[in-house]
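Notes for the structure review
Residues per chain, in single letters:
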Amino acid sequence: MKKLFAVLGDPIGHSMSPVMHNDLFSFYNIDGVYLPFQVKDEDLYDAVKGLKALGVGGFNVTVPHKSKILPFLDGIDELAANIGAVNTVVNENGQLMGYNTDGPGFLKGLNPILPKIAGQKVLIIGAGGAARAIYFTLAKENPDTLDIANRTVEKARELIKDCPYSVSSRAYSFEEASESLGEYDLVVQTTVIGMSPKIDEQPFVLNNLRKQAVFCDIIYNPLETKFLKEAEQKGAIIQNGLDMFVYQGALAFEKWTGIFPDVERMRDNVLKQLGGRTC
Ligand SMILES: NC(=O)c1ccc[n+]([C@@H]2O[C@H](COP(=O)([O-])OP(=O)(O)OC[C@H]3O[C@@H](n4cnc5c(N)ncnc54)[C@H](OP(=O)(O)O)[C@@H]3O)[C@@H](O)[C@H]2O)c1
């Protein structure tokens, strides 16, 4: 019988996950279907209960439900519990288990251009949900420093305080981060600034960055944000958010099926979907 997979969010119409995963099911001859469901906050519990009753194989969770879903699951793995957010649920013998593949997806996507985080000086810009996933994941890799700059500095301080892994971290304002940018080997932009349609903005001007430092922006629409354009012009190696998106999906697919899928195929598929859109 066809296995059901899904993504729950609100809104959900723009999600590229259904096309990406349905293509993989057909490519690997798996009798599965992946459907998007728009779920309001007040319906989340019923939606999860319904999926469980239907014997769902697994599902993704996206904005705004990544944290709200925690109490409705049967179990949560350690990383997702520390992050406080789940983006992937697996039906393990009738039990709905929550995982977070956003941080590990970012790390896996980064690997070809920066294979080792240990000993690196890292700055994360932003302190929202995606920043949390990336911060906790990188903290386990023994960086030399793992600093955070955020518009609301108190949120960066809270994130650092919540982290159970021992790592040297400071919380900065954007102004302070801009002044010390030259210290960092890796800078990861995780705020919404620069995202379509506000594509002419960036968190701060990139003065004094180190040539050959790696600058990532986890936004993938547009594929090259103003932040990345400026970083590249000033000599940095850059990466957009497409790799993180594809690898978080690949890790979810692996948890559901045991197959680590062809990420190049996934990337092409997402690029095709992005190509059909206006930014
Ligand atoms: N590539 C991927 O797979 C992937 C995965 C997840 C998310 N993302 C992208 O990551 C971005 C953040 O997502 P999220 O879930 O972390 O969102 P979130 O939890 O809402 O966090 C938003 C972040 O942006 C900052 N921010 C918002 N408006 C701002 C403004 N006008 N000026 C300065 N800072 C502002 C917030 O700062 P304050 O704390 O001061 O409010 C916070 O740090 C989105 O663009 C999302 O599409 C990509």
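Conventions we followed
Residues numbered from 1 in each chain as written. Predicted model: local features only at pLDDT ≥ 70, side-chain atom pairs only at ≥ 80, totals over all residues. Heavy atoms only, no water. Axes fitted to C-alpha atoms, helices over the stretch in contact; angles between N-to-C directions. Helix = DSSP H or I, 4+ residues; strand = E, 2+ residues; numbered from the N terminus. Parallel < 35°, antiparallel > 145°, perpendicular 65-115°, else oblique. Left-handed = near helix turned anticlockwise from the far one by under 90°. Contact = heavy atoms within 4.5 Å. Nonpolar A, V, L, I, M, F, W, Y, C, P; charged D, E, K, R; others polar. Near = heavy atom within 4 Å. Polar contact = N/O pair within 3.5 Å; in protein donor to acceptor, adjacent residues only side chain to side chain. Buried < 20%, exposed > 50% of the residue type's maximum accessible area, 1.4 Å probe, protein only.

Observations concerning the packing of helix H4 (residues 102-110) against helix H9 (residues 242-257)
Relative orientation of the contacting elements H4 and H9 amounts to 120 degrees, with a least axis distance of 7 Å. Between H4 and H9, the crossing angle belongs to the class labelled oblique. Remark: the crossing between H4 and H9 carries right-handed chirality. Across from Asp-102, Pro-104, Gly-105, Phe-106, Lys-108 and Gly-109 in H4, the residues of H9 making contact are Asp-243, Met-244, Tyr-247, Gln-248 and Leu-251. Of the residues belonging to the contact of H4 with H9, the class tally is 5 nonpolar, 3 polar and 3 charged.

Let's talk about the site of the ligand
Taken together, 21 residues lie around the ligand, and Gly-129, Ala-130, Asn-150, Thr-152 and Ile-218 are the ones closest in. Within the backbone of Ala-127, an N or O atom sits 3.0 Å from an oxygen atom of the ligand. The separation between an oxygen atom of the ligand and a polar side-chain atom of Thr-152 is 2.4 Å. Looking at side-chain class alone, the shell around the ligand contains 11 nonpolar, 8 polar and 2 charged residues.

Describing unusual backbone geometry
Cis geometry is adopted by the peptide bond preceding Pro-11, which originates at Asp-10 and carries an omega value of 5 degrees. Following Val-63, the chain continues into Pro-64 via a peptide bond in cis, with omega recorded as 10 degrees. Relative to the elements of secondary structure, Pro-64 occurs in the loop between strand S3 (58-61) and strand S4 (75-76). At Asn-93, a residue that is not glycine, the phi angle is positive and equals roughly 55 degrees. Tracing the backbone through its elements, the reader meets Asn-93 in the loop between strand S5 (88-92) and strand S6 (95-99). Residue Asn-93 is classed as exposed on the basis of its relative accessible area, which comes to 82%. Positive phi, normally seen in glycine, also occurs at Gln-212, with a value near 75 degrees.

Any functional reading would require information beyond the geometric quantities listed.
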